[in-house]
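Analysis of the macromolecular model
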Amino acid sequence: MPPNRDHLSENSPLLRPHQHSADSDDESDPHIYRTPRQPNLKNRTIIWSTLTLIFIFALVFVLCFQHLLSDAALPWVGTLPRDPMLAAFAILKVAPVIDGHIDLPILIRTKYANNVTAVPLQSRTPGHVDIPRLRQGRVGGFFWSVYVTCPENQKEDKDDFTEASWRVRDTLEQIDVARSLISKYPDTFQLAVSSDAVVSSITNGKIASLLGVEGGHQLGNSIAVLRQYHALGVRYVTLTHTCHNAFADSSGNPVPLHNGLSPFGRRLIDEMNRLGVLVDLSHTSDETAIQALNHSKAPVIWSHSSARAIHDVPRNVPDDILRLVGKGEGQKDGVVMVNFAPGFIAKPGNASVQAVADHVEHIARTAGRDHVGLGSDFDGIPGAPEGLEDVSKYPALVAELVRRGWNKYEVAGLTGSNVLRVLRGAEHVAKELQDAGTEPIYDLYKARRDIPRGSGI
């Protein structure tokens, strides 16, 4: 029985096939031929002309009347705010700081006896670093330095470095401190063991946490120890600290022992290249740095060093070595990450954010703006420059460079993308070596007598 139409609404689908008007077609009837509808060219022309005029007007306004926009509106048109500090925050929002060297673990060792449960990183700490100040400073990542001191019983001019010093044990404790703090605050920190992991951490709103060993003396004269540190997440090793070691000479002792790298040190760099562990040249002698630049297949870093031409101390990098850093013939890609230690920045009483910017600019002029970064050494230095008192103050340095004409891309390189490029470069070399079947290095230190000799050097 057909439906009673008196009970159907005008919108009922049952009515639609039976409703016709003099000027409408039955679109559901396949037997009816219809002439294809032609587009309304006049309407389209009007719409596109209007949109084009709006675009031209907006472009003219941005180019000619940009000065009428407020600082708050400028980022919406792809321009930095005029105020340098607002510009700094705008840049750091998308290119946060990746610091090459922060010594928080050694502060935990000396202040809290490595008792991670007693460390209140969510509130203000006695040093330069805690979570609130890291967030204020727009920090996206940093290398946790798992540093321990040079052996006290070492006589560098006579010693063969074989006397037990417990430095491997101590380093493992510092790795444990760093990893435990990262795990304690999972909403803030994320362990990162690759460049991709750094980017992922930052994208997820975490502070990417990498590990760095600050001195070859922490390896116990063993390349096998390097492999185990790498397995625990270490992604750079500083060849020396303030003491010579079995691998290389330090800038901390003016009397050379190896005249740069030892043969064993060259083998160490070979294994670092194979693993993807960055070669860090801070603290090394000039001869060590030059030889390492020539020997390494992968890019290198100075995790916390400044410019000797600006302040003449051995820990800073001289111009002749800066000129070896780059992508041209006879150069090695790398990044020099500027140290904030007042004694490395200026004469007593003169260390300031402006003085640190002078070091940044000198390295940028000499090696290129693609080869400079930030390696504050916070929590490993007794004081800090005026205006850069702790990790909350990085924006002040960025603002100073904006005043000096740095654009947002150059600043982004300084704050993090330069060191990320170098880390990716080391990863690329490691993959090539491993894909080519390069074997691990099992050479033994020549002075060891506790293990049967194989083909050691």
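Small disclaimer: the values here were computed from a predicted structure and weren't measured.

Attention now moves to the overall build of the chain. A count of helical and extended segments in the chain gives 14 helices and nine strands. Residues counted as buried form 52% of the 457 residues belonging to the chain. Sequence separation of 24 or more characterises 69% of the internal contacts of the chain that already satisfy a separation of 6 or more. Per element, the accessible surface of the chain, about 22300 Å² overall, is 55% carbon and sulfur.

For the rest of this paragraph, the subject is a nonpolar patch on the surface. A grouping of Ile47, Trp48, Leu51 and Ile54 is seen on the molecular surface, where their side chains present a nonpolar patch of about 460 Å² in accessible area. As for its position among the elements, Trp48 is in helix α1 (residues 41-64). By relative accessible area, Trp48 is classed as exposed at 58%.

Mapping Arg315 onto the fold places it in the loop between β7 (300-302) and α10 (319-322). Of the side chains bearing the opposite charge, Asp377 lies closest to the buried Arg315, which forms no salt bridge; the N-O distance is 4.9 Å. A distance of 2.7 Å separates a polar atom in the side chain of Arg315 from the backbone oxygen of His304. A distance of 3.0 Å separates a polar atom in the side chain of Arg315 from a polar atom in the side chain of Ser305. Each residue touching Arg315, except ones within four places of it in the same chain, is listed here: Ser251, Ser282, His283, His304, Ser305, Asn339 and Phe344.

Over its 15 residues, helix α12 (residues 353-367) extends 21 Å from the first C-alpha to the last, a length consistent with the 21 Å expected when each residue adds 1.5 Å. Burial analysis of α12 places 11 of its 15 residues in the buried class, which makes it a mostly covered element. Buried within α12 we find Val353, Ala355, Val356, Ala357, His359, Val360, Glu361, His362, Ile363, Ala364 and Ala367. Residues of α12 that are buried sit in contact with α10, β8 (334-338), α11 (342-345), β9 (372-374), α13 (394-403) and α14 (408-435). Downstream of α12 by one or two residues, Gly368 has phi in the positive range, about 115°.

Turning to the packing of helix α8 (residues 263-275) against helix α9 (residues 286-295), a few remarks are in order. Contact pair α8 / α9: the axes reach a minimum separation of 11 Å and the direction vectors enclose 45°. When the interaxial angle is binned, α8 and α9 end up oblique. For the pair α8 and α9, the crossing hand works out as right-handed. For the pair α8 and α9, contact is made by Arg266, Ile269 and Asp270 and by Gln291, Ala292 and His295, respectively. Residue composition of the contact of α8 with α9, by class: two nonpolar, two polar and two charged.

Quick look at the side chain of Thr288 now. With respect to the helices and strands, Thr288 occurs in helix α9. At 3.3 Å, the side chain of Thr288 forms a polar contact with the backbone oxygen of Gly260. The residues touching Thr288, leaving out its near neighbours within four places in the chain, are Leu239, Ala248, Asp249, Gly260 and Leu261.

Let us look at the pattern of salt bridges. Side chains that differ in charge, positive against negative, can pair when their charged atoms come close. All chains considered together, the criterion is met by 22 salt bridges. Asp170 is paired through a salt bridge with Arg109; the nearest N and O atoms lie 3.4 Å apart. Residue Asp170 is located in helix α5 (residues 167-184), and its partner Arg109 is located in helix α3 (residues 104-112); the two are separated by 61 residues in the primary sequence. Among the residues examined, Asp170 registers a relative accessible area of 6% and is labelled buried.

Okay, the pairing of β8 next. Of all the five residues making up β8, five are buried; the element is thus mostly covered by neighbouring parts of the structure. Of the two faces of β8, both are covered, the one formed by Gly334, Val336 and Val338 as well as the one formed by Val335 and Met337. Bridge count for β7 against β8 is three bridges, and the pairing is parallel. What sits directly across from Ile301, in β8, is Val335. With three bridges joining them, β8 and β9 adopt parallel strand pairing. Residue pairing in the sheet places Val338 in a bridge with Leu374 of β9.

Reading the values: the criteria
Residues numbered from 1 in each chain as written. Predicted model: local features only at pLDDT ≥ 70, side-chain atom pairs only at ≥ 80, totals over all residues. Heavy atoms only, no water. Helix = DSSP H or I, 4+ residues; strand = E, 2+ residues; numbered from the N terminus. Buried < 20%, exposed > 50% of the residue type's maximum accessible area, 1.4 Å probe, protein only. Contact = heavy atoms within 4.5 Å. Areas by Shrake-Rupley, 256 points an atom, 1.4 Å probe, with all protein chains shown as cover. Patch = residues over 30% accessible without salt bridge, like charges linked within 9 Å, V, L, I, M, F, W, Y side chains within 5 Å. Salt bridge = Lys/Arg side-chain N within 4 Å of Asp/Glu carboxyl O. Lys, Arg positive; Asp, Glu negative; His and termini not counted. Polar contact = N/O pair within 3.5 Å; in protein donor to acceptor, adjacent residues only side chain to side chain. Expected span 1.5 Å × (residues − 1). Axes fitted to C-alpha atoms, helices over the stretch in contact; angles between N-to-C directions. Parallel < 35°, antiparallel > 145°, perpendicular 65-115°, else oblique. Left-handed = near helix turned anticlockwise from the far one by under 90°. Nonpolar A, V, L, I, M, F, W, Y, C, P; charged D, E, K, R; others polar. Pairing = 2+ DSSP bridges.

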